[in-house]
Amino acid sequence: MTTFQVDASSVEALKFIEFARTLPFVREKKTKRKSTDETIQPMTLEEYHAEIDRSLEDYRAGRVISHEELKNEMNRW
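A.B. asks: Residues and numbers for the overall build of the protein, please.
C.D. replies: A tally of regular secondary structure across the protein gives 3 helices and 0 strands. Relative to its 77 residues, the protein shows a buried fraction of 3%.

Structure, rendered in structure tokens:
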């Protein structure tokens, strides 16, 4: 794949970009989503213990999968 960048500071460049968008083999690069680091908030000690309690309850209730099952599932992605 060959890529190139066009500086759209001239009228000719803008016209070229408009034309290129109509071609079936030209795809625009999508912008990346914002990092999830911005949405992560620290948890309180109570929230931490509650999360552990929920995880232990899930394990006791059998709501888990083995690492082999997870790897097999990931191979199908």
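A.B. asks: Kindly report on the pattern of salt bridges, identifying the contributing residues and their values.
C.D. replies: Between side chains of opposite charge, pairing is possible as soon as their charged atoms come close. Taken as a whole, this structure holds 2 salt bridges when the rule is applied. The partner of glutamate 51 in a salt bridge is arginine 54, and the shortest N-O contact between them spans 2.6 Å. With glutamate 51 and arginine 54 both in helix α2 (residues 45-60), this residue pair falls 3 residues apart, about one helical turn. The partner of arginine 63 in a salt bridge is aspartate 58, and the shortest N-O contact between them spans 2.7 Å. Its relative accessible area of 29% is what places aspartate 58 among the partly exposed residues.

A.B. asks: Give a detailed account of the environment of aspartate 58, specifying residues and quantitative values.
C.D. replies: As for its placement among the helices and strands, aspartate 58 is situated in helix α2. Each residue touching aspartate 58, except ones within four places of it in the same chain, is listed here: Arg63 and Val64.

A.B. asks: Tell me what's going on with the confidence of the model for the protein, and back it up with residues and numbers.
C.D. replies: For the protein, per-residue confidence averages 83 on the pLDDT scale, and residues scoring 70 or more make up 88% of the total. The weakest mean pLDDT in the protein belongs to helix α1 (residues 11-21) at 82; the strongest belongs to α2 at 94.

A.B. asks: Before we move on, can you summarise α2 with the specific residues and values?
C.D. replies: Between its first and last C-alpha atoms α2 spans 23 Å; for 16 residues at 1.5 Å apiece the expected length is 22 Å, and the two agree. Count one or two residues on from α2 and you reach glycine 62, which has phi positive near 80°.

A.B. asks: Go over a nonpolar patch on the surface with me, naming the residues and quoting the values.
C.D. replies: A contiguous nonpolar patch, built from Met43, Leu45, Tyr48, Ile52 and Leu56 and spanning about 480 Å² of accessible area, is present on the exposed surface. In this fold, leucine 45 is placed in helix α2.

Each value, and the rule that gives it
- Residues numbered from 1 in each chain as written.
- Predicted model: local features only at pLDDT ≥ 70, side-chain atom pairs only at ≥ 80, totals over all residues.
- Heavy atoms only, no water.
- Helix = DSSP H or I, 4+ residues; strand = E, 2+ residues; numbered from the N terminus.
- Buried < 20%, exposed > 50% of the residue type's maximum accessible area, 1.4 Å probe, protein only.
- Salt bridge = Lys/Arg side-chain N within 4 Å of Asp/Glu carboxyl O.
- Contact = heavy atoms within 4.5 Å.
- pLDDT = per-residue confidence, 0-100.
- Expected span 1.5 Å × (residues − 1).
- Patch = residues over 30% accessible without salt bridge, like charges linked within 9 Å, V, L, I, M, F, W, Y side chains within 5 Å.
- Areas by Shrake-Rupley, 256 points an atom, 1.4 Å probe, with all protein chains shown as cover.

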